Amino acid sequence: MEEKEISQAVIGRLPRYFRYLGELKDEGIERVSSQELSDIMRVTASQIRQDLNNFGGFGQQGYGYNVGYLYEEIGKILGLHKEHNLIIVGAGHLGQALVNYMNFERRGFIFRGIFDSKKELHGIRIREIEVRPMEEMEQFVRENGIDIAVLTIPKNGAVEVAERLVSCGIRGIWNFAHVDLHVPDHIRVENVHLSDSLMKLSYNLASHDG
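Note that the structure is predicted; figures quoted are calculated from it, not measured.

> For this particular structure, what's the right way to read the environment of glutamate 128?
When you line up the elements, glutamate 128 lands in the loop between strand S5 (125–126) and strand S6 (129–133). Classification of glutamate 128 by relative accessible area gives exposed; the value is 65%. Each C-alpha atom of the pair glutamate 128 and arginine 112 lies 9.9 Å from the other, and the pair is 16 residues apart in sequence.

Here it is in structure tokens:
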């Protein structure tokens, strides 16, 4: 049976569902309707039902959704039921901030190594993880089953680093460098452009003022 292709718009909403359901679960709420979720999330109830129907539906008419069950199932869809081993490439302020953000570990994203080209950073420990030279990156990825590389380096070095990561079997790249990476189709890339997000906010402020 051919696997159904899910749109990126639907995938983009799944983490929000997961987050809001987690909050409901923590509040001890056991059941929620699509309309109640709609009121919380500012997404139409029909959109919620359509999104979840891509994965089987999970609800019953007149009953709604079991919060704990739906939370777990969306977590599985997002791949959060298993651990992912990560490395950081770039031990600057952003890289260090990401390593120190404890919530990643709670979601199963475990930082195993940090790499940087600056010799003065080598040997420094960030949350007990030693900063290593770039020359050790490929071997470390292979020996430690690294799934995801996080790039927090300037764009002029990101393309070469991405090519090196592809050659040693990385499966995904979380890219904070301001450059588009051209990698094989089987490598998943998620680009994060912080300035783009800030400019979008600026536009919305300007539009409101206008």
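There is more to say after this.
> Mind showing me how you'd approach the nonpolar core here?
Considering soluble globular proteins, one finds that nonpolar side chains tend to be buried as a cluster. Counting residues in each nonpolar core, the largest one holds 22 residues, and the members touching the most others are Ile87, Val89, Met137, Val141, Leu151, Val161 and Leu165. Among the secondary structure elements, those contributing two or more residues to this core are strand S3 (84–89), helix H7 (137–143), strand S7 (148–151) and helix H8 (155–167). For this core, the element with the highest residue contribution is H8, accounting for four residues. With near-sequence residues (within four places) excluded, valine 141 lies in contact with Ile87, Ile146, Leu165, Cys168 and Ile170. Membership of the second largest hydrophobic core comes to 18 residues, among which are Leu24, Val32, Val43 and Tyr65.

> Help me out: how do you make sense of the environment of isoleucine 146 in this one?
With respect to the helices and strands, the residue isoleucine 146 is situated in the loop between H7 and S7. Each C-alpha atom, one on isoleucine 146 and one on cysteine 168, is 9.7 Å from the other, the two residues being 22 residues apart in sequence. Beyond its immediate stretch of four places on either side in the chain, isoleucine 146 contacts Asn85, Leu86, Ile87, Arg112, Phe140, Val141 and Ile170.

> How should I be thinking about the sheet that holds strand S8 (residues 172–175) in this particular structure?
The strands making up a sheet are joined through hydrogen bonds of the backbone, oriented either antiparallel or parallel. On the basis of which strands lie adjacent, the open sheet formed by seven strands has the order S5-S6-S4-S3-S7-S8-S9 and mixed pairing. The open sheet is flanked by S5 and strand S9 (188–191), the only strands paired with a single partner. Against the sheet, H8 touches S3, S7 and S8, its axis set at about 170° to S7.

> Please clarify how the pattern of salt bridges should be interpreted in this entry.
Between side chains of opposite charge, pairing is possible as soon as their charged atoms come close. Tallying each qualifying case throughout the model produces eight salt bridges. Salt-bridge contacts for arginine 112 lead to glutamate 83; the nearest nitrogen and oxygen are separated by 3.5 Å. Placement of arginine 112 in strand S4 (residues 109–116) and of glutamate 83 in the loop between helix H4 (67–77) and S3 is noted, with a sequence separation of 29 residues between them. Residue arginine 112 is classed as partly exposed on the basis of its relative accessible area, which comes to 38%. According to the relative accessible area criterion, glutamate 83 is exposed, its value standing at 53%. Put simply, arginine 171 and aspartate 147 hold a salt bridge, and the shortest N to O gap is 3.5 Å. Of the two residues, arginine 171 sits in the loop between H8 and S8 while aspartate 147 sits in the loop between H7 and S7, which places them 24 residues apart along the sequence.

> How do you make sense of helix H5 (residues 93–100) when you look at a structure like this?
All of the buried residues in H5 are Gly95, Leu98 and Val99. In a view along the axis of H5, the buried residues occupy a sector of 100°, so they form one face of it.

> Looking at this structure, how should I read the packing of helix H2 (residues 34–41) against helix H3 (residues 45–53)?
Packed helices, taken two at a time, are described by the angle their axes make and the gap between the axes. It is the contact of H2 with H3, at a shortest axis distance of 8 Å, that shows an interaxial angle of 110°. For the element pair H2 / H3, the angle class is roughly perpendicular. Taken as a pair, H2 and H3 cross one another with a handedness that is right-handed. Residues Ser34, Gln35, Leu37 and Ser38 of H2 touch H3, and the partners they reach there are Ala45, Ile48 and Arg49. Among the residues forming the contact of H2 with H3, the class breakdown is three nonpolar, three polar and one charged.

> Honestly, H2 in this entry has me stumped. Any pointers?
One turn of an α-helix holds 3.6 residues; hence residues three or four places apart share an orientation. Inspection of H2 places Ser34, Leu37, Ser38 and Met41 among the buried residues, and these make up the whole buried set. Buried residues of H2, viewed axially, fall in a sector of 105°; they line one side. On its buried side, H2 packs onto helix H1 (8–26), strand S1 (31–32), H3 and strand S2 (65–66). Directly beyond the C-terminal end of H2, a positive phi value near 60° is found at arginine 42.

What counts, and at which threshold
Residues numbered from 1 in each chain as written. Predicted model: local features only at pLDDT ≥ 70, side-chain atom pairs only at ≥ 80, totals over all residues. Heavy atoms only, no water. Helix = DSSP H or I, 4+ residues; strand = E, 2+ residues; numbered from the N terminus. Buried < 20%, exposed > 50% of the residue type's maximum accessible area, 1.4 Å probe, protein only. Core = buried A, V, L, I, M, F, W, Y, C linked by side-chain atoms within 4.5 Å. Contact = heavy atoms within 4.5 Å. Pairing = 2+ DSSP bridges. Axes fitted to C-alpha atoms, helices over the stretch in contact; angles between N-to-C directions. Salt bridge = Lys/Arg side-chain N within 4 Å of Asp/Glu carboxyl O. Arc of directions from axis to C-beta. Parallel < 35°, antiparallel > 145°, perpendicular 65-115°, else oblique. Left-handed = near helix turned anticlockwise from the far one by under 90°. Nonpolar A, V, L, I, M, F, W, Y, C, P; charged D, E, K, R; others polar.

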